[in-house]
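Chain and residue survey
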Amino acid sequence: MFMGILYLFLTFLLCFILVVFVKLAYLGILSTKKQPVKEEKKPTPQPKAEPVYYIVERKKTRKAKYYEPKKIEFKE
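Below or above, wherever it landed, is the structure these notes cover. These figures come from a predicted structure and were not determined experimentally. (Residues numbered from 1 in each chain as written. Predicted model: local features only at pLDDT ≥ 70, side-chain atom pairs only at ≥ 80, totals over all residues. Heavy atoms only, no water.)

Our focus in this paragraph is the overall build of the protein. Check the secondary structure of the protein and you find one helix and zero strands. On C-alpha atoms alone, the protein measures out to a radius of gyration of 40 Å, which is more than a quarter above the 11 Å that the 2.2 N^0.38 rule sets for 76 residues. Seen along its three principal axes, the alpha-carbon backbone of the protein occupies a region of about 100 × 75 × 15 Å. Residue burial in the protein is summarised as follows: out of 76 residues, 0% are buried. A total accessible area of about 10,100 Å² is found for the protein, and carbon and sulfur atoms account for 65% of it. (Helix = DSSP H or I, 4+ residues; strand = E, 2+ residues; numbered from the N terminus. Rg over C-alpha atoms; globule rule 2.2 N^0.38 Å. Buried < 20%, exposed > 50% of the residue type's maximum accessible area, 1.4 Å probe, protein only. Areas by Shrake-Rupley, 256 points an atom, 1.4 Å probe, with all protein chains shown as cover.)

Next comes the structure, spelled out in structure tokens:
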């Protein structure tokens, strides 16, 4: 009985260590495949351009024309 529990515990420990080792190896492979970080280049300061103004014309609104509603006759 005691030997069965010991073998069960050792099997669990071996599987646990194997899974952790495989995960760490996978993360290590992924980290080596990553491209090195490129240094960010600061954009060269350009001279300030003069502001641009736009002329916006409003549309002329029409006065609303309301008509008498049409009467609909139903034939019976």
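A separate point is the packing of aromatic side chains. What the rule picks out here adds up to one aromatic pair. Ring geometry for F12 and F16: centres 6.3 Å apart, planes at 25 degrees, overall stacked. Of this pair, F12 and F16 both sit in helix α1 (residues 2–33), separated by four residues, roughly a single helical turn. Residues F12 and F16 agree in their burial class; the two are exposed. (Phe/Tyr/Trp six-rings, centres within 6.5 Å; stacked < 30°, edge-to-face > 60°.)

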